[in-house]
Every structure is written in C-alpha cells, then in structure tokens.
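Summary of structural features
Chain by chain, the residues:
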Amino acid sequence: MAKNKTVATDLDVRDFLEKVADPLKRKDCYLIAALMEKQTGYEPNMWGTSIVGFGSYHYKYASGHEGDAPLIGFSPRSTAIVLYMARDFEDKENLLLQLGKHKTGKGCIYIKKLADVNIQVLTKMIDQSVAYMKNK
C-alpha cells in the first residue's frame, strides 16, 4: 500500500511561514494560524512540507488505506490560501454563502486574502468543522 505523503513532521511552522514571499499573504497566514490555534486549542504543526495543521484524527477507508490527518489546517499556495476543513459540517453551505469571496474544491476553501472574508463566519466554520471531525 502507498505511503501517505502528508504526515506530521518536526518542521518549524514559523520558518515555513517566514518563507511566504508575499508580505500580505504571510501576515494573513500568521493571523489564520493564531485564529485556528485559539479556536481549536491545538498548537500549529507542519504536515508534510506545506500544510499547517491543528490537532489530528485517524481515518480508515473501506479499501484498508488508513492514516492520520490534521483536524483543520491551511496552506499558503501561489494563487491562494487553502483552508482544509471537513467536507460536511453543520450549516456549511449557509456559512459559505456568508463567508465572502472564496472558491471551493473537494474539501478545501480557497481565499486570496483574509480581508475578503468575514472573520466571524470563518471562526464559526472552524468551530463547526472541528466539532464535526471530533464527533466522527
């Protein structure tokens, strides 16, 4: 069976964030990290080489593939900041409508900058996503 690429590492989160070239994106990433840490109660940890995650959970698919993943996290990419949340959680669709400027993928939310989103709505989304994953 293939080995998981995204696993918790000992890489330093601050060192990773300091390498974000765009100063606004770097500042936004520090703010997102602080918000996620405050809301989850978990310190940030690097997952792989590019995901800042908080907490963890164990998963196992029907295929037998299993591993660990962060409860919630984010990654500064070249075109956007990717927010990793649960695919489904209470009131997700309604909260997305209130979030502000974003795009969505399978389990990801893409934002260009923090100023484009409603922080109170993002905070609710973090809380509800983490609660969903903990109860799963």
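Presented here is an overview of the structure given in this document. Quick caveat: nothing in here was measured; it's all calculated off a predicted structure.

**So, the overall build of the protein**
- Across its full length, the protein carries 4 helices and 8 strands.
- For the protein, the succession of helices and strands along the chain, N to C, is α-α-β-β-β-β-β-β-α-β-β-α.
- Against the 2.2 N^0.38 benchmark of 14 Å for 136 residues, the protein shows a C-alpha radius of gyration of 14 Å, consistent with a compact globule.
- By its C-alpha atoms, the protein is 40 × 35 × 25 Å across when sized along the principal axes.
- Taken across its 136 residues, the protein has 41% of its residues classed as buried.

**Description of the packing of helix α2 (residues 23-40) against helix α4 (residues 119-135)**
- At a closest axis distance of 10 Å, the pairing of α2 and α4 adopts a crossing angle of 45°. With respect to their mutual orientation, α2 and α4 come out oblique. Helix-helix and strand crossings are classified by hand; for α2 and α4 the assignment is right-handed. Each of L35, M36, Q39 and T40 in α2 lies in contact with α4, whose residues at this interface are I119, L122, T123, I126, D127 and V130.
- Here the residues of the contact of α2 with α4 are counted per class, giving 6 nonpolar, 3 polar and 1 charged.

**Some remarks on the sheet that holds strand β1 (residues 44-47)**
- Read from one edge to the other, the open sheet built from 6 strands follows the order β1-β2-β5-β6-β8-β7, with strand pairing classed as antiparallel. Looking at which strands have only one partner, the edges of the open sheet turn out to be β1 and β7 (103-104).
- Note: β7 against strand β8 (residues 108-111), 2 bridges, orientation antiparallel. Considered in β8, the bridge of T104 is made with I109.

**Comments concerning the pattern of salt bridges**
- The final tally for this structure, using the stated rule, is 1 salt bridge.
- Residue E18 pairs with R14 through a salt bridge whose shortest N-O separation is 4.0 Å. Taken as a pair, E18 and R14 lie in helix α1 (residues 13-18) at a separation of 4 residues, close to a single helical turn.
- Residue E18 is classed as partly exposed on the basis of its relative accessible area of 43%.
- Under the relative-accessibility criterion, R14 is labelled exposed at 52%.

Cut-offs applied
Residues numbered from 1 in each chain as written. Predicted model: local features only at pLDDT ≥ 70, side-chain atom pairs only at ≥ 80, totals over all residues. Heavy atoms only, no water. Helix = DSSP H or I, 4+ residues; strand = E, 2+ residues; numbered from the N terminus. Rg over C-alpha atoms; globule rule 2.2 N^0.38 Å. Buried < 20%, exposed > 50% of the residue type's maximum accessible area, 1.4 Å probe, protein only. Axes fitted to C-alpha atoms, helices over the stretch in contact; angles between N-to-C directions. Parallel < 35°, antiparallel > 145°, perpendicular 65-115°, else oblique. Left-handed = near helix turned anticlockwise from the far one by under 90°. Contact = heavy atoms within 4.5 Å. Nonpolar A, V, L, I, M, F, W, Y, C, P; charged D, E, K, R; others polar. Pairing = 2+ DSSP bridges. Salt bridge = Lys/Arg side-chain N within 4 Å of Asp/Glu carboxyl O.

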